Amino acid sequence: MTPAATGPRELAHPARDEIRLEGVLHALSDPMRLRVVRELAAAGSEVSCSHVELPVAKSTSTHHFRVLRESGVIRQTYCGTAKLNGLRRDDLDALFPGLLDAVLSAAARQADGP
């Protein structure tokens, strides 16, 4: 189920109680989406889509951000013409304590190599 947006410049996001573990795990299972999540976590605040550089076409990047938003991993808001992105850490930590930290830690270890 994709929740309806509340206004013409607002994007649809699942409510906290609509976020499902399988959707979050699916969103985090893709290397590009995991890269987005790692960069948002490192930024510690909302950043524009262009702040996160992905080695994919713009349309593919847009798809990855949409999957993350629709699964409840990130929140996207418009600020003028820019779309800002931030992790929904509070929601994810409340629903799945320790999951985001464990995934980010494992991804950092994997990126550092053996």
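On a predicted model such as this, the values are computed, not experimentally measured, just so you know. (Residues numbered from 1 in each chain as written. Predicted model: local features only at pLDDT ≥ 70, side-chain atom pairs only at ≥ 80, totals over all residues. Heavy atoms only, no water.)

A.B. asks: What is the right way to read the packing of helix α2 (residues 31–43) against helix α3 (residues 58–71) from this model?
C.D. replies: Helix-helix packing is described using two parameters, namely the angle between the two axes and the distance between the axes. Their axes nearest at 10 Å, the elements α2 and α3 cross at an angle of 70°. When the axis of α2 is compared with that of α3, the two are roughly perpendicular. Crossing of α2 over α3 shows right-handed handedness. Judged by residue contacts, Met32, Arg33, Val36 and Val37 of α2 engage His63, His64, Phe65, Val67 and Leu68 from α3. Looking at the contact of α2 with α3 residue by residue, the class counts come to 6 nonpolar, 2 polar and 1 charged. (Axes fitted to C-alpha atoms, helices over the stretch in contact; angles between N-to-C directions. Helix = DSSP H or I, 4+ residues; strand = E, 2+ residues; numbered from the N terminus. Parallel < 35°, antiparallel > 145°, perpendicular 65-115°, else oblique. Left-handed = near helix turned anticlockwise from the far one by under 90°. Contact = heavy atoms within 4.5 Å. Nonpolar A, V, L, I, M, F, W, Y, C, P; charged D, E, K, R; others polar.)

A.B. asks: Help me understand the side chain of Ser61 in this model?
C.D. replies: Residue placement: Ser61 occurs in helix α3. The class of Ser61 is buried, set by a relative accessible area of 14%. (Buried < 20%, exposed > 50% of the residue type's maximum accessible area, 1.4 Å probe, protein only.)

A.B. asks: Looking at this structure, I do not really get the environment of Arg38. What am I missing?
C.D. replies: Structurally, the position occupied by Arg38 is in helix α2. The class for Arg38 is partly exposed, based on a relative accessible area of 31%. Dropping the residues within four chain positions of it, Arg38 is found in contact with Leu104, Ala107, Ala108 and Ala111.

A.B. asks: What should I look at first to understand the pairing of strand β3 (residues 82–87) in this one?
C.D. replies: Side-chain direction in a regular strand flips from residue to residue, so the side chains alternate between the two faces of the sheet. Alignment of strand β1 (residues 47–48) against β3, held across 2 bridges, turns out to be antiparallel. Pairing of Ser48 across the sheet is with Leu84, part of β3. When strand β2 (residues 74–79) meets β3, the two strands line up antiparallel, connected through 6 bridges. Within β3, the residue paired with Tyr78 across the bridge is Lys83. Counting the residues in the hairpin turn of β2 and β3 gives 2 residues, including Gly80, whose phi is positive at 70°. (Pairing = 2+ DSSP bridges.)

A.B. asks: Explanation requested: the nonpolar core in the structure shown.
C.D. replies: Ranked by size, the top nonpolar core spans 23 residues in total, and within it Val24, Val36, Val37, Val52, Leu68, Val73 and Leu92 carry the most contacts. When residues of this core are traced back to their parent elements, those giving at least two are α1 (21–28), α2, α3 and α5 (99–112). Counting residues per element, this core draws most heavily on α2, which supplies 5 residues. Excluding anything up to four places from it in sequence, Val24 contacts Ile19, Ser71, Val73, Leu92, Phe96 and Leu99. (Core = buried A, V, L, I, M, F, W, Y, C linked by side-chain atoms within 4.5 Å.)

The values are spatial; any link to function lies outside them.
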